[in-house]
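What the coordinates show
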Amino acid sequence: MKHLLEVNGIHTCFMMDGKKVRAVDGVSFHLDRGEIVGVVGESGSGKSVTMMSVLQLVGAPGFVESGTVYLDGEEKNLLEYDGNSEKMRSVRGGRIGMIFQEPMTSLNPVLTIGYQIQENIMKHLDMDRQQAKERTIEMLRMVKIPDAEQRFDYYPQQFSGGMRQRIMIAMAMSAKPDILIADEATTALDVTTQAQLLEMIRSIAKETNTAVILVTHNLGIVARFAERIYVMYSGSVVETAGTRDIFKHSEHPYTRSLLRAIPRLDDPRDRILIPIEGLPPNPALRPDYCPFYDRCEYRKPECAKRNKPELEKVGEEHYSACWLTREELRQKEIEIQNTPRKAAPQKNIGSEKVLEVKNVRKYFPVLKGIMKRKIGEVKAIEEITFDLHKGETMGIVGESGCGKTTMARCIMRVYRPEEGEIKFSGVDIAQMKDKELQPYRSRIAMIFQDPFSSLDPRQTAGSIVAESLLINKSCKTKEELNRRVDELFTLVGLDPGLKDRVPHEFSGGQRQRLGIARALSSDPDVIICDEPISALDVSIQAQIINLLEELQAKLGVSYLFIAHDLAVVKHISDRVLVMYLGRVVEIADAQQLYANPMHPYTEALLAAVPEADPDVEEGKAAVPISGEVPSILNRPQGCPFHDRCSKASERCRKEVPKLMDKGDGHMVACFLYQ
Amino acid sequence: MEKENTVVQERKEAGYSRREKAVKFFRVLFKRKLVLISAVGLVLIVLMAIFAPLVAPYDPNVQSLMDALKTPSSQYLLGTDNYGRDILSRIIYGARVSLIVGVLAVGIACAIGTFFGMLAGFFGGIVDDVINRISEAIRSIPQIVLAMALCAVFGGGIINLSIILGISNMAVYIRMMRGQVLSIKETDYVMAAKLQGNKSLRLMFKHVLPNCISPIIVQMTLQVGQTILSEAGLSFLGLGISAPTASWGSIVSDGRVYLMQNPFFALAPGVCIALLVIFLNTVGDGVRDALDPRMRGRL
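Summary of the structure given here. (Residues numbered from 1 in each chain as written. Chains lettered and ligands numbered in written order. Predicted model: local features only at pLDDT ≥ 70, side-chain atom pairs only at ≥ 80, totals over all residues. Heavy atoms only, no water.)

**Describing the packing of aromatic side chains**
Counted under the stated rule, the structure contains 17 aromatic pairs over all chains. Ring geometry for phenylalanine 29 of chain A versus tyrosine 230 of chain A: centroids 5.9 Å apart, planes at 65 degrees, classification edge-to-face. One end of the pair, phenylalanine 29 of chain A, is in strand S2 (residues 19-31); the other, tyrosine 230 of chain A, is in strand S8 (residues 228-233), with 201 residues separating them in the sequence. Under the relative-accessibility criterion, phenylalanine 29 of chain A is labelled buried at 7%. Aromatic pair phenylalanine 115 of chain B and phenylalanine 116 of chain B: ring centres 5.5 Å apart, planes at 75 degrees, arrangement edge-to-face. In this structure an aromatic cluster arises from ring pairing among Tyr233, Tyr254 and Phe292 of chain A. The lysine or arginine in question, lysine 76 of chain A, covers the ring of tyrosine 81 of chain A, its NZ or CZ lying 4.9 Å from the ring centre. (Phe/Tyr/Trp six-rings, centres within 6.5 Å; stacked < 30°, edge-to-face > 60°. Helix = DSSP H or I, 4+ residues; strand = E, 2+ residues; numbered from the N terminus. Buried < 20%, exposed > 50% of the residue type's maximum accessible area, 1.4 Å probe, protein only. Lys NZ or Arg CZ within 6 Å of the ring centre and 35° of its normal.)

Below is the structure:
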């Protein structure tokens, strides 16, 4: 036994409609003590199921068909034990700790957090209640929960999402495990919180010599934190190597394509993303040959005639599952480099302002009792001021709860702002009544975050796209309507023949295209994109980003692009607006903002974003920001950021800084620059 | 050839015609054997009620005290009741009353309840408060007491009885629909439709209602049986259908006492009610699934 954990040839199947569907198709990996290993892949690639198979957590209708799991110190293959046996129960939570994605649901709400951790300790370590309590408090201190002793008797709902995830880490680490599996553990959290947590996991792992498996879809996270990486695609590991090798000398076509498809913070302005065409194969219909063949740019006809390729050694600790030789790959690479790509679409930013937002404020009343007495206010957004030119893209970034969506909804006039102007082509729509608004509705459209919930499941694709045409009576005859719908379908790259299908018959990317077609149908001047790609897979994201850019060049629409992925925002935006706790803290040209952030919050945010490049990551200082985003209910006095800011002065605690132009349209709200 | 092509093209552009849609709906609906069998069963029950005079072997109301409480024989297939009336004939005629009361009452309850539930959920605020208070008031009175009070005011008879039972049952639908609407209203697709400039009415009927009906259909099919029994209860108290007229519920309640003498007296109409509910429920489930495009291709 060379390694701490050796997993070989895991095959896991799910019974679907009487057929065996292989979700994990022969995955092997190993892990050494104190090592941090990343497992990356798109959704459905089988990364989570692999981990669950190792722990025998796969429930019916799924089962582990074959494979071996050897854990150092256990004599037998762990898969030979029954899933519910004493042995497996002591391995799970004892020798292997786990943290899951949803911090909101992975703690039991009716038990105190102290009790839950204490139970775990008593089960796995030979301790009595008092000792276990002491260890619990020690663990809570380790994950930097302030006032650990008092917090022992708190319930999960008294903590924020980030805090709960810390508690999960404390619980997972409490039984002194040898291995910690973090399955998308920070995906649901904000970037700054995510960076803090991962940093903490790393330092705890190094201190206690615990091995960590980071399961994620985010290439940036593994680039920053992992030492070795497994890249998974359609149920198999396609490439594995040290982190630097994966990013700098990737061998497998999938890894290479993936790296070409993601935007990066240090991209030049005109970089075009090269999406991976097509969709990942449905596991039920996966071919016998290489599963990536259909989407592979390097493929040769022979690939389809051979079996699925196995991992082959291509370098020091570097394995890739591809039939092509390095020479063939190299030649093809040159060919691909030389194929002319579509140039980045040319933008035409007009001088005319389509949207002017001035001093917008929206408070939500907090009501209590039957009489609905107003007992307070949630100050969702305050003093929002910016403008948007024709054909321009304004990126809006900020952590969750900072008021991005509230702002979008005020502009869409779902909410009526308490104060301020929203001038749309010179007309103030902020206080208009529903009737008066009618003519403006069609000129601002929206693309939603979740392509699954934003399309009416009972309407056909055609009628979803046709709806606003009907409402606005913009087509006189039925033929004209149909022609227009076909046109819109073609515009967003969908086959008009799919008009009669209902949304659930489309893939995520296709649905988002439908959402875009719907937004375009009324020929709007402004489209608000509310996190339009964050629910999509990495390889699909590039397709949608490119589509949005092309459409803008073609139609001259303006975008308000809301997102939390800063690399994507930088890629698509001309200017970027940074929000913090309901206020605008900085507005600047995209390139300038990223090169030269002025506000301390912007700086911290940019440093917290993990990038898919180990070289860049190495140069970065550790977590530059402490604390979490305070609740908007108790916004700090003065500058909202002062309590997390290292440069805060006395003045910051008392006064709110105003947004000031520092030249070239770079606006910042900070006393440091006044 | 060319002409044919343009015809196909045109039809494609116009989407499916109404007729095609209907054909498609029934094809999906009857793909499951159980649904088909249940639908046939339902049709048989309805035909039986309509053609009762032709189907029934005897007059359901003619008494023959000599033959009272006979067990099944070739003369009386299901035996006779305590007045010597043929039970089979009474069941066949009783189907008329039970079907009308069951379906009509549930239809009324559902129509009113769904409508007000939708208003309450959709508009919220004062509309919601008023509708909710009324529905809570109705729910707080025991159903049979409420129905009795209404019966005493409006009098008996099949139609009156159906309306009364409908009103006393509608609170369930109000509550159910309101909950559904509240959650559907918050979805992104309703928001998207609103932002496109849809008027409230269109929004409500085109986007909200179709996504809310699944649990309503299930509730409706289950409630038919319950209503048929409630009718018997009211009739037993002298408030529903007057004495000689047969209904399934009333035969069950009459026969309860004579279980030892002729078990079929109570059992046979009971089985009929059960069958009706099972058929309705199966067909209801089928309709729900066939209407749901998410189930398309899975059935």
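**Structural notes on helix H6 (residues 161-174) of chain A**
All names here are of chain A. Its 14 residues place the ends of H6 20 Å apart at the C-alpha level, agreeing with the 20 Å of an ideal helix rising 1.5 Å per residue. For H6, the buried fraction is high: 14 of the 14 residues fall into the buried class. Within two residues after H6, lysine 176 carries a phi angle of roughly 50 degrees, on the positive side. (Expected span 1.5 Å × (residues − 1).)

**Some words on the pattern of salt bridges**
Residue and element names in this part refer to chain A. All chains considered together, the criterion is met by 54 salt bridges over all chains. For lysine 423, the salt bridge identified is with glutamate 421, shortest N-O distance 3.8 Å. By relative accessible area, which is 30% here, glutamate 421 ends up partly exposed. (Salt bridge = Lys/Arg side-chain N within 4 Å of Asp/Glu carboxyl O.)

**Things to note about unusual backbone geometry**
Negative phi values dominate among residues other than glycine, just as trans dominates among peptide bonds. Residue and element names in this part refer to chain A. Phi is positive for serine 234, close to 45 degrees, though the residue is something other than glycine. Tracing the backbone through its elements, the reader meets serine 234 in the loop between S8 and strand S9 (236-242). Here glutamate 317, not a glycine, exhibits a phi torsion of approximately 55 degrees, which is positive. Relative to the assigned elements, glutamate 317 resides in the loop between strand S10 (312-315) and strand S11 (318-320).

**Section: the interface of chain A and chain B**
Often the size quoted for an interface is simply the accessible area lost on bringing the parts together. Counting residues at the interface gives 29 residues for chain A, matched by 28 residues for chain B. Scanning the region where chain A abuts chain B turns up 2 salt bridges. The partner of aspartate 292 of chain B in a salt bridge is arginine 458 of chain A, with the nearest N and O atoms 4.0 Å apart. Those elements giving two or more residues to the side of chain A that touches chain B turn out to be helix H13 (434-441), helix H14 (461-471) and helix H15 (478-491) of chain A. Element by element, the count of residues in the side of chain A that touches chain B is highest for H14 of chain A, at 4 residues. Taken together, the residues of the side of chain A that touches chain B sort by class into 9 nonpolar, 8 polar and 12 charged. (Contact = heavy atoms within 4.5 Å. Nonpolar A, V, L, I, M, F, W, Y, C, P; charged D, E, K, R; others polar.)

**Comments concerning the sheet that holds strand S7 (residues 211-216) of chain A**
Two orientations exist for strands paired in a sheet by backbone hydrogen bonds: parallel and antiparallel. Residues and elements named next belong to chain A. Here we have 8 strands laid out as an open sheet, ordered S5-S6-S7-S3-S8-S9-S11-S10, and mixed in their pairing. The open sheet terminates on both sides in strands that have one partner only, identified here as strand S5 (96-99) and S10. Within this sheet the neighbouring strands show an average axis-to-axis angle of 25 degrees, counted without direction. In terms of strand pairing, strand S3 (residues 36-40) meets S7 through 5 bridges, oriented parallel. For isoleucine 36, the partnering residue across the bridge sits in S7 and is valine 212. Those strands touched by helix H1 (residues 47-54) are S3, strand S6 (179-183), S7 and S8, and its axis lies near 145 degrees from that of S7. (Pairing = 2+ DSSP bridges. Axes fitted to C-alpha atoms, helices over the stretch in contact; angles between N-to-C directions.)

**So, the pairing of S10 of chain A**
Residue and element names in this part refer to chain A. Pairing analysis gives 3 bridges linking S10 to S11, with the strands arranged antiparallel. Opposite lysine 313, over in S11, you have tyrosine 319 as the bridge partner. Following S10, the chain reverses through 2 residues before pairing antiparallel with S11; glutamate 317 in that reversal takes a positive phi of roughly 55 degrees.

**A short note on the packing of helix H16 (residues 508-520) of chain A against helix H17 (residues 538-555) of chain A**
All names here are of chain A. Remark: H16 packs on H17, axes separated minimally by 10 Å, with the N-to-C direction vectors making an angle of 20 degrees. Relative to H17, the element H16 is oriented roughly parallel. In this structure, the crossing between H16 and H17 has a hand that is right-handed. Between H16, through Gly509, Gln512, Arg513, Ile516 and Leu520, and H17, the contact on the second element is made entirely by Ile540, Gln543, Ile544, Leu547, Leu548, Leu551 and Leu555. A breakdown of the residues in the contact of H16 with H17 according to their chemical character gives 8 nonpolar, 3 polar and 1 charged. (Parallel < 35°, antiparallel > 145°, perpendicular 65-115°, else oblique. Left-handed = near helix turned anticlockwise from the far one by under 90°.)

**Observations regarding helix H7 (residues 143-154) of chain B**
Residues and elements named next belong to chain B. In this model H7 runs 16 Å from its N-terminal to its C-terminal C-alpha over 12 residues, within 8% of the 16 Å that 1.5 Å per residue would give. Contacts made by the buried residues of H7 are with helix H6 (125-140), helix H8 (158-185) and helix H11 (213-236). One or two residues past the end of H7 sits glycine 155, with phi positive at roughly 85 degrees.

**Digging into the sheet that holds strand S15 (residues 419-424) of chain A**
All names here are of chain A. The strand order across the open sheet built from 4 strands is S13-S12-S15-S16, with neighbouring strands paired in antiparallel fashion. A single partner strand is all that each edge strand has here, and the edge strands are strand S13 (373-389) and strand S16 (427-428). The strands touched by helix H12 (residues 404-411) are strand S12 (353-368), S13 and S15; relative to S13, the strand with the most contacts, the crossing angle is about 75 degrees.

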